[in-house]
Amino acid sequence: MTQTRSVRSEARALIRLAVPIVMSLAAATLIGVIDTIMIAPLGTVPLAGASVTASVLIVLYSGLYGFASVAGVRVAGAVGRADAAALSNATRTALVVGLCAGVVGAAFMLAMLPFLDRLGQPPAVIAVLRGYWVTMAFSLVPFTVFYALKALFDATDKAWLGVAVAFLAVVLNVPANLILIHGIGGWAGFGLTGAGLASLFSQSASLGALWPLWRRHPDFASSRQRGTLTGAEVRTQLGQGGVIAAGYVSEGGAYAVAGLMMGGFGAAALAANQIVSSVGAVLYMVPLGVAIAVSIRIGTAIGAGDHARLTRIGRAALGLIVGWMALVMLAVLAGRGVVTCALSDDAQVVGIALSLFVIVAIMQIADGVQGTMLGAARGMMDNVVPVCITLVAYWIVALPLGYALGFWLGWGPNGVWIGYGIGVALAGGLVTWRFFRMAGRGPLAKGPGLA
């Protein structure tokens, strides 16, 4: 009975932390949803161009977010130890690492542009997406720095400030999209490229608002100490962040390849995939938010030397996410028709999207579990083995199986995503087993780099 009350107490604490984190993540994802809604009137080909770009962006967003994730764990460990110097060190290092990672990500995406025609995508789609591709590449820089800095807000009980700033970007994105995509007065606008310009503007504005809050808010004074950037912390965040980034890229890359496979079925399949992916990205914000919250809670507990709480935190997180994703599954099944018809009037696109939504709905619980338990592992700085698990599950199982079902057996777009879903379920089961095994070992649960 005492154990049950402890798990419930941890669940309540996770909810309090996860809700604002989910809200801020949803705000970032809503920018992509708004783009999809406002690009849709341009037609199937521009919408397909946005889908191809999003398929690559998800890989880069995933990898870059890995560096922001390790920043959150490092900050949480410093908060748990009440170590002001370590807090400032972790925060300043996160900003430097985030800026460098964002620049590298943008450069990599720009370097890919000349090779798009070799990815098997329809030529008409490639022709319209170039400007959108370039502007979305530049948006990776403010995106990464924003979330590296926001890790401090999440770990120091100021998460709602981050929410307010994140929604500022959403508010600005709507009129910016309206003007830059479709024009105003006698000006026709930039079309698809305008959506990328609006996203770049919105991401930059949110970072521009978050920065002075950090510099001036009295509660962040201990994180602004001068002369606290150390080589050891840089190496830790680069090393652990690189491993986490590899894990995210493993998942995001598999998701992107599955999305790019849709090009083999034509522009309608790409457009349908964009609709489903946009909705799926919003739905995934809850497990991602819980993953961040559980990593912070575990990092804080380890920093405070309270290793006995790790299993309780993990059980609380697992119970929360299974219950929530079951409700999400039912909601997707009930609302798929309304959403699809609202975003496209192309009968072929609608038909493909409706069937894909069924598969996405069934995947929700497994997807939520694997994302949440990866966050729990990150809190212990147990990253290498979980990353290897995702590499095997997605690249050795999910993608070959999806290709075989979709192309060899003729199941089409549905087959691709069925194979992907099987990989997700495998990753979720193995990562969950790994976490509880490690959490039961006190000395191992301390994790490297947190002391």
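Fair warning: this is a prediction, and the values are worked out from it, not measured in the lab.

Calculation rules
- Residues numbered from 1 in each chain as written.
- Predicted model: local features only at pLDDT ≥ 70, side-chain atom pairs only at ≥ 80, totals over all residues.
- Heavy atoms only, no water.
- Helix = DSSP H or I, 4+ residues; strand = E, 2+ residues; numbered from the N terminus.
- Buried < 20%, exposed > 50% of the residue type's maximum accessible area, 1.4 Å probe, protein only.
- Contact = heavy atoms within 4.5 Å.
- Areas by Shrake-Rupley, 256 points an atom, 1.4 Å probe, with all protein chains shown as cover.
- Lys, Arg positive; Asp, Glu negative; His and termini not counted.
- Charge placed at Lys NZ, Arg CZ, Asp CG, Glu CD.
- Core = buried A, V, L, I, M, F, W, Y, C linked by side-chain atoms within 4.5 Å.
- Salt bridge = Lys/Arg side-chain N within 4 Å of Asp/Glu carboxyl O.
- 1 Å grid on protein atoms, 1.4 Å probe; cavity = no way out; pocket = protein on both sides within 12 Å on 5 of 7 lines; lining within 4 Å.
- Points joined across faces, edges and corners; volume = space filled by probe spheres on them.
- Phe/Tyr/Trp six-rings, centres within 6.5 Å; stacked < 30°, edge-to-face > 60°.
- Lys NZ or Arg CZ within 6 Å of the ring centre and 35° of its normal.
- Patch = residues over 30% accessible without salt bridge, like charges linked within 9 Å, V, L, I, M, F, W, Y side chains within 5 Å.
- Polar contact = N/O pair within 3.5 Å; in protein donor to acceptor, adjacent residues only side chain to side chain.
- Axes fitted to C-alpha atoms, helices over the stretch in contact; angles between N-to-C directions.
- Parallel < 35°, antiparallel > 145°, perpendicular 65-115°, else oblique.
- Nonpolar A, V, L, I, M, F, W, Y, C, P; charged D, E, K, R; others polar.
- Left-handed = near helix turned anticlockwise from the far one by under 90°.

Enquirer: Before we go on, may I ask you to explain the overall build of the protein in this structure?
Expert: If you tally the helices and strands in the protein, you get 15 helices and zero strands. Over its C-alpha atoms, taken along the principal directions, the protein stretches across nearly 60 × 50 × 35 Å. Classification of the 451 residues of the protein by burial places 57% in the buried group. In the protein, once contacts between residues fewer than 6 apart in sequence are set aside, the share between residues at least 24 apart is 83%. As presented, the protein carries roughly 16900 Å² of accessible surface, and 70% of it is formed by carbon and sulfur atoms. Charge centroids of the protein, computed over 26 positive and 14 negative side chains, lie 10 Å from each other.

Enquirer: What should I look at first to understand the nonpolar core in this one?
Expert: Side chains of a nonpolar character, in soluble globular proteins, are inclined to be buried together. Core analysis: the biggest nonpolar cluster contains 133 residues, and Leu25, Tyr65, Met109, Trp133, Leu288, Ile298 and Tyr420 have the highest contact counts within it. With 17 residues, helix 2 (residues 44-81) is the single largest residue contributor to this core. Once you skip the residues sitting within four places of it in the chain, Tyr420 turns out to touch Glu251, Ala254, Tyr255, Ala258, Met363, Tyr394 and Ala398.

Enquirer: Looking at this model, I keep getting lost on the pattern of salt bridges. Mind explaining?
Expert: Two side chains carrying opposite charge are able to pair once their charged atoms lie near each other. Using the criterion set out here, one finds six salt bridges in the structure. Salt-bridge contacts for Lys158 lead to Asp219; the nearest nitrogen and oxygen are separated by 3.1 Å. In this pair, Lys158 sits in the loop between helix 5 (140-155) and helix 6 (159-182) while Asp219 sits in the loop between helix 7 (192-216) and helix 8 (231-261), placing the two residues 61 residues apart along the sequence. The exposure class assigned to Asp219 is partly exposed, which follows from its relative accessible area of 46%. Two residues, Arg434 and Asp382, come together in a salt bridge whose shortest N-O distance is 3.0 Å. One end of the pair, Arg434, is in helix 14 (residues 413-439); the other, Asp382, is in the loop between helix 12 (347-379) and helix 13 (384-408), with 52 residues separating them in the sequence.

Enquirer: Help me understand the layout of surface pockets, please; the structure alone is not making it clear to me.
Expert: Taking a probe equal in size to a water molecule and rolling it over the atoms shows the remaining empty space. The computed volume of the largest pocket comes to approximately 260 Å³. Elements that contribute at least two residues to the lining of the largest pocket include exactly helix 1 (2-39), helix 5, helix 6 and helix 10 (285-303). A per-element tally of the lining of the largest pocket places helix 1 first, with four residues.

Enquirer: What exactly am I supposed to notice about the environment of Gly263 here?
Expert: Among the structural elements, Gly263 can be located in the loop between helix 8 and helix 9 (267-283). We classify Gly263 as buried; its relative accessible area is 10%. With 247 residues separating them in the primary sequence, Gly263 and Arg16 have C-alpha atoms 41 Å apart. Once you skip the residues sitting within four places of it in the chain, Gly263 turns out to touch Gly120, Gln121, Pro122 and Leu270.

Enquirer: How should I be thinking about the packing of aromatic side chains in this particular structure?
Expert: The description of an aromatic ring pair rests on the distance of the ring centres and on the angle between the ring planes. Going through the model one piece at a time under the given rule, you end up with 14 aromatic pairs. Ring centres 5.0 Å apart and planes at 80° place the aromatic pair Phe146 and Tyr147 in the edge-to-face group. Overall, Tyr147 belongs to the buried group, its relative accessible area being 6%. Through a chain of ring-to-ring contacts, three or more aromatic side chains come together here, namely Tyr61, Phe143, Phe146 and Tyr147. Above the plane of the ring of Trp214 lies Arg215, whose end atom (NZ or CZ) is 5.0 Å from the centre.

Enquirer: When you look at a nonpolar patch on the surface in this model, what are you seeing that I'm missing?
Expert: On the surface, a nonpolar cluster with roughly 490 Å² of combined accessible area is contributed by Leu178, Ile179, Ile184, Trp187 and Phe190. Note on placement: Ile184 falls in the loop between helix 6 and helix 7. Since its relative accessible area comes to 53%, Ile184 is described here as exposed.

Enquirer: Honestly, the side chain of Ser295 in this entry has me stumped. Any pointers?
Expert: For Ser295, the position within the fold is in helix 10. Among the polar contacts listed, one links the side chain of Ser295 to the backbone oxygen of Ile292, at a separation of 2.7 Å. Beyond its immediate stretch of four places on either side in the chain, Ser295 contacts Val73, Gly375, Arg378 and Gly379.

Enquirer: Sorry if this is basic, but what is going on with the packing of helix 8 against helix 12 here?
Expert: Two numbers describe a pair of packed helices, the interaxial angle and the distance between the axes. At their nearest, the axes of helix 8 and helix 12 sit 12 Å apart, and the two run at 170° to each other. Considering their axes alone, helix 8 and helix 12 lie roughly antiparallel with respect to each other. Contacts between helix 8 and helix 12 involve Ile244, Tyr248 and Glu251 from the former and Asp367, Gln370, Leu374 and Arg378 from the latter. A per-class count over the contact of helix 8 with helix 12 returns three nonpolar, one polar and three charged.

Enquirer: Sorry if this is basic, but what is going on with the packing of helix 2 against helix 4 (residues 123-138) here?
Expert: Interaxial distance between helix 2 and helix 4 falls to 8 Å at its minimum, and their mutual angle equals 45°. Considering their axes alone, helix 2 and helix 4 lie oblique with respect to each other. In this structure, the crossing between helix 2 and helix 4 has a hand that is right-handed. Residue-level contacts link Val45, Pro46, Ala48, Gly49, Ala50, Val52, Thr53, Val56, Leu57 and Tyr61 of helix 2 to Ala124, Val125, Val128, Leu129, Tyr132, Trp133 and Met136 of helix 4. Split by residue class, the contact of helix 2 with helix 4 holds 15 nonpolar, two polar and no charged.

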